Amino acid sequence: MINYFEFYNIPEAFEIDAAALKKKFYALSKQYHPDFYANEDENKQQEILEISTINNKAYQTLSDPNKRLEYILKQHDLVNEGAKPQLPANFLMEMMDLNERLMEVDDAEHLANIRAEALAVEDDLNSELQLLTIDYQTLNDTAKKSRLNSIADIYYRQKYLLRIKESLNTFASRF
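For clarity, every value in this text was computed on a predicted model and none was experimentally measured.

**A short note on unusual backbone geometry**
And then number 1: Positioned with a positive phi, Asn9 is a non-glycine residue whose angle comes to about 55 degrees.
And then number 2: Its location among the elements puts Asn9 in the loop between α1 (4–7) and α2 (18–31).
And then number 3: Residue class for Asn9 comes out exposed when judged on its relative accessible area of 65%.
And then number 4: Unusually for a residue other than glycine, Asp77 sits at a positive phi of about 55 degrees.
And then number 5: When you line up the elements, Asp77 lands in the loop between α4 (65–75) and α5 (89–103).

Printed below as a string of structure tokens:
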């Protein structure tokens, strides 16, 4: 499987130059556009189509900060389908408390308070993530590995929080 950062010849990073990425994407899109290879043999056409597809997938992944974060974690085997991460107990307690109060919500004001708490947790996670990712490129391999574990922890907490936010939206439709 091709590494998207290597494909674009850019260093693995959580923060990337979006304009430079877009420029590389368009240059490769032009260079490997299937229409330019219509008179080539079938093997060459297939090869160009594969490069064009990789270019599109790489750009879609790397241009979106959330997809890029998940991609980097997957590249380091820190995110797997069906993984059961060990989330901090205090975070789980806070989420269970929010969830229980959500199940008992009886008016729009109560719901708004729970939503505000969930958004505050989300803001805290985003701030923590920002601090962990901003200087990632400058770290040595050992520090990167440690940092990636912390980033994965936040990623899984964000996923958990997303389920609460989805429940909030479901409950919001009742009021």
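**Some remarks on the layout of surface pockets**
And then number 1: Here the largest pocket defines a volume of roughly 520 Å³.
And then number 2: In terms of lining residues, the largest pocket is bounded by 18 residues, among which Asn66, Leu69, Asn126, Leu129 and Gln158 are the most central.
And then number 3: Every element with two or more residues in the lining of the largest pocket is listed here: α4, α6 (108–133) and α7 (141–172).
And then number 4: Per-element accounting of the lining of the largest pocket gives the leading share, 6 residues, to α7.
And then number 5: Considering only residue class, the lining of the largest pocket consists of 7 nonpolar, 5 polar and 6 charged.

**Regarding the packing of aromatic side chains**
And then number 1: Within this structure, the stated rule accounts for 8 aromatic pairs.
And then number 2: Here the aromatic rings of Tyr4 and Tyr71 are separated by 4.7 Å at their centres, their planes lie at 10 degrees, and the arrangement is stacked. Here the residue Tyr4 occupies a position in helix α1, and Tyr71 occupies one in helix α4, the gap between them amounting to 67 residues. There is no split in this pair, since Tyr4 and Tyr71 are both buried.
And then number 3: These aromatic residues form a ring-pair network of at least three members: Tyr4, Phe5 and Tyr71.
And then number 4: The ring of Tyr136 has Lys144 sitting right over it, with the charged end atom 5.1 Å from the ring centre.

**Some words on the pattern of salt bridges**
And then number 1: In the structure shown here, the tally under the stated rule is 8 salt bridges.
And then number 2: Between Lys44 and Glu47 there is a salt bridge, with the nearest N and O atoms lying 3.9 Å from each other. Highlighted residues: Lys44 and Glu47, both in helix α3 (residues 42–62), separated by 3 residues, approximately one helical turn.
And then number 3: With a closest N to O distance of 2.6 Å, Arg147 and Asp135 form a salt bridge. Of this pair, Arg147 sits in helix α7 while Asp135 sits in the loop between α6 and α7, and the two are 12 residues apart along the sequence.

**Considerations on the side chain of Thr133**
And then number 1: Mapped onto the elements, Thr133 comes out in helix α6.
And then number 2: With relative accessibility at 5%, the residue Thr133 sits in the buried group.
And then number 3: Non-local contacts of Thr133, meaning those with residues more than four positions away in its chain, are made with Phe14, Glu15 and Ile151.

**Some details on the confidence of the model for the chain**
And then number 1: In the predicted model, the chain carries a mean pLDDT of 93, and 100% of its residues have values of at least 70.
And then number 2: The lowest-confidence element of the chain is α7, averaging 92 in pLDDT; the highest-confidence one is α1, averaging 97.

**Focus: the nonpolar core**
And then number 1: The biggest cluster of nonpolar side chains holds 46 residues, and the ones touching the most others in it are Tyr8, Leu62 and Leu73.
And then number 2: When residues of this core are traced back to their parent elements, those giving at least two are α1, α2, α3, α4, α5, α6 and α7.
And then number 3: No other element matches the 10 residues that α7 contributes to this core.
And then number 4: Those residues within four positions of Tyr8 in sequence are excluded, and the remaining contacts are Leu21, Lys24, Phe25, Leu28, Asn55, Ala58, Tyr59 and Leu62.

About the thresholds
Note on numbering: residues in each chain are counted from 1, in written sequence order. Reporting of local features is limited, given that this is a predicted model, to residues whose pLDDT is at least 70; pairs of side-chain atoms are given and counted only at 80 or more, and all residues count toward the totals for whole chains, interfaces and linings. For the side-chain quantities, the full set of heavy atoms in the structure was used; hydrogens and water were omitted. Comment: elements are numbered from the N terminus, with helices defined as DSSP H or I runs of at least four residues and strands as E runs of at least two. Exposure is judged per residue with a 1.4 Å probe applied to protein chains only, and the accessible area is read against the type maximum: over 50% gives exposed, under 20% gives buried, and values in between give partly exposed. Using a 1 Å grid laid over the protein atoms alone, points where a 1.4 Å probe fits but cannot get out form a cavity; open sets with protein on both sides within 12 Å along at least 5 of 7 lines form a pocket; any residue with an atom within 4 Å of a point counts as lining. Grid points are joined across faces, edges and corners, and a volume is the space filled by probe spheres set on the points. Under the grouping applied here, Gly and all other residues not named as nonpolar or charged are polar, the nonpolar ones being Ala, Val, Leu, Ile, Met, Phe, Trp, Tyr, Cys and Pro and the charged ones Asp, Glu, Lys and Arg. Two aromatic rings from Phe, Tyr or Trp, using only the six-membered ring of Trp, form a pair when their centres are within 6.5 Å; if the ring planes differ by under 30 degrees the pair is stacked, by over 60 it is edge-to-face, and anything between is tilted. Two thresholds decide whether a charge sits over a ring: the Lys NZ or Arg CZ must be within 6 Å of the ring centre and within 35 degrees of the ring normal. A carboxyl oxygen of Asp or Glu within 4 Å of a side-chain nitrogen of Lys or Arg is what we treat as a salt bridge. Contacts between residues were defined by any pair of non-hydrogen atoms, one from each residue, lying within 4.5 Å. Think of pLDDT as the predictor's per-residue confidence, scored from 0 to 100. We define the nonpolar core as a collection of buried residues of types Ala, Val, Leu, Ile, Met, Phe, Trp, Tyr and Cys that are connected through side-chain atoms lying within 4.5 Å of one another.

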